[in-house]
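Inside the fold
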Amino acid sequence: MWIPGCLLSMGLSFSLGLGLSAGLQLAVAGPLSGSGHGYEECSENEFLCRNGHCVSAAMLCNGIDDCNDQSDERNCSVAACGLHEFQCSNSTACISKYQLCDGNHDCASGSDESDHLCEERATQPGSCGELEFICRSGQCIELESACDNFPDCSDGSDEVNCNRNECLEANGKCSDYCWDLPLGYECACPTGLDLINHFICEDVDDCRNSDMCDQICVNLHGSYTCNCYQGYQKNPHTGTCQATGEEPFMIVTNQGDIRRINMNRMEYLEIADNLDNARALSLDISSSTIYWSDEMRRGIFRMSVDQNRRDIRQILGDVQSPGGIAVDWIYSHIYWTDSGAKTLSLATLDGLKRKTLFSKNLMEPAAIAVDPESSFLYWTDIGEPPKIEKAGLNGAGRRILVNIGIEKPTGIALDYIKKRLYWADSGLHELFYTDLNGQRQSSVFHSQKYLANPFGLAVFEDCAYWSDVEGKAVYSVNKFTGTNVKVLASNLTKPRGLVVFHKLMQPIETNSSTSSQERGDSSTSSQERGNSSTSSRERGDSSTSSQERGDSITSSQERGDSITSSQERGDSSTSSQERGDSITSSQERGDSITSSQERDDSITSSQEKSDSSTSSQEEIDPDHLDAVSVGVIALIVILIGIVMCCAAMHWRMILGHVKISRCYSPVQLDAENSMICNGQRMDSVSQQSLL
């Protein structure tokens, strides 16, 4: 069939027009609707690319083709936010990059906390260092190269917004100080405050660093202050805590002798000589007694440091190779290690009773220290493997405290103020400390010269002291910083054991044990006994006053009797009144007898009190009673006896007076009065039989 050419051209053009228009509509409507033809559905915090993909809204206009069709970088104006800021989506608001993904919606649209943005930030490694600038293209350049009027980034982002002062706008959202930089800004805090979350300054606990103060650290707002425990005072020049009272001194064993060393001056005094081989050393400050082990004589000895009595006495023998010794000044025990027998033992200070605590898993036990206030024991083992152990004073709860970073711990000491354990390692030539749980181990001082072969170790005030066998000297160093090394004694023979003598080295708590109370509170018990005697004397005075009141009553009765007898002589017709008076007098006698019984009961109760006090006094251990307390007890017994004798004599006088005065009559008594008098005599006899 023939069709005209004009009609054919018109039909082709019409069909092509319909097809092109439909195709254009699909091409335009498809991406905008996000539905059909395989296009993705984007969330409100995402951007729909021309190719149908979804990218984060935060990636718009960042100089990077994230859509792979440049649709996310079209129609982009110059960035209004700084290089260290983030532009919120669908807004011109800018926030700091530090506010991204911080849990707070700083953008009105919430685009700074979108899941997609935060996941990308979490998975993207920080490719640029702290001193580098991140270009928008992801390139890293030196921070100094930014804002130098020369574009170092490939996209020129390092020269954008360089003249903007962010601190002029709400102080850069900094809580305190805002410092404007050539590129961006940063927040700062005054002294004593720390920057939290890059913007907010908050007070921090300055005392979290245990070395801020010698003893007590008190945190204040923006600062702190240091205080001292009782018995110490702060040095106004150095700020350190120094012990008050008597001047401390040091005692050192020197093989054949024991020396007392002045800690402030290089002076020493021999307090014991002609010894065989004095080794470890300990002391009991309450009794001014030192204890040491002798390797040659295989025993432990003691001696008083008082000049008037320095007799040496052996308290323990049969110790194969005595190592370290330590005195428990509260429970009156002494602990020692024996590297020959591989044991750790304890005994009473007189050596009469002894016991082995540990005999297993000990290779070469050496130094030892006790903390009776917390009831723990610490010791070192320089065998293989080397370690420091801890257990209760009764041997319970044994465990390893330190076994890493240790080689040959020959010296050990406790810092009772800072609650630390110090040790000197002769293998590593180093001084260490750790807390009492084995945590936070730290090195204080290292020296091949001063710690060539350390043995004895002590800690007092802000210093650590030790003896060195190879250096033949005694040294000290700051226990916190490891500075200010001093030589306290030199040219010694073989210094080993070392202790510091001061009452604060062995503090005593009254509630720690019975023995400490007996040693420390004997004066208190004496006062209590004195108060008891005072109260007894007060009771004696009370009984004396009651006797005086009884005498006054008796005299009143005598006056009443004389008046009655005169009435009897003057008026014989008032016999009935006489009988009534006689009955009244008998009632008075009954009342007198009753009051006498009450006084007798009070005396009996006072006797019971004295008996109970005597029994309580008998319960006291007579070994702990001194001459003064014995005298006080004897005085109490004498006073009680005097009070009882006086009461008994006064009672007899009252009975005799009543019996005589009530039955005496100068006139002739009739039968009725005679019966009354006889009844009174019988009542008096019966009362005497009750006594």
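Residues numbered from 1 in each chain as written. Predicted model: local features only at pLDDT ≥ 70, side-chain atom pairs only at ≥ 80, totals over all residues. Heavy atoms only, no water.

Our next topic: the sheet that holds strand 18 (residues 278–284). Across the sheet, four strands lie side by side as 18-19-20-21; this open sheet has antiparallel pairing. The sheet is open, and its two borders are formed by strand 18 and strand 21 (313–316), each paired with just one other strand. Sheet twist, expressed as the average angle between the axes of neighbouring strands with direction ignored, equals 30°. (Pairing = 2+ DSSP bridges. Helix = DSSP H or I, 4+ residues; strand = E, 2+ residues; numbered from the N terminus. Axes fitted to C-alpha atoms, helices over the stretch in contact; angles between N-to-C directions.)

Attention now moves to the packing of aromatic side chains. This structure, assessed with the given rule, holds eleven aromatic pairs. Ring geometry for Trp 329 and Tyr 416: centres 5.8 Å apart, planes at 90°, overall edge-to-face. Separated by 87 residues along the polypeptide, Trp 329 in the loop between strand 22 (322–328) and strand 23 (333–338) and Tyr 416 in the loop between strand 30 (409–415) and strand 31 (420–425) bring together distant segments of the chain. Residue Trp 329 is classed as buried on the basis of its relative accessible area of 4%. On the numbers, 5.4 Å between centres and 20° between planes, the contact of Trp 423 with Phe 432 is stacked. Judged by its relative accessible area of 0%, Trp 423 falls in the buried class. Three or more aromatic residues link up through ring pairs in this structure, and these residues are Phe 445, Tyr 450, Trp 466 and Tyr 475. Lying over the aromatic face of Phe 358, Arg 398 brings its terminal NZ or CZ to 4.8 Å of the ring centre. (Phe/Tyr/Trp six-rings, centres within 6.5 Å; stacked < 30°, edge-to-face > 60°. Buried < 20%, exposed > 50% of the residue type's maximum accessible area, 1.4 Å probe, protein only. Lys NZ or Arg CZ within 6 Å of the ring centre and 35° of its normal.)

Of the residues in the chain, 67% reach a pLDDT of 70 or more, and the chain-wide mean stands at 73. Across residues 1–38, confidence stays below pLDDT 50; counting only partners more than four residues off in sequence or on other chains, it has 14 contacts. Below pLDDT 50 for its whole length, residues 510–620 participates in 83 contacts with residues either more than four positions away or in separate chains. (pLDDT = per-residue confidence, 0-100. Contact = heavy atoms within 4.5 Å.)

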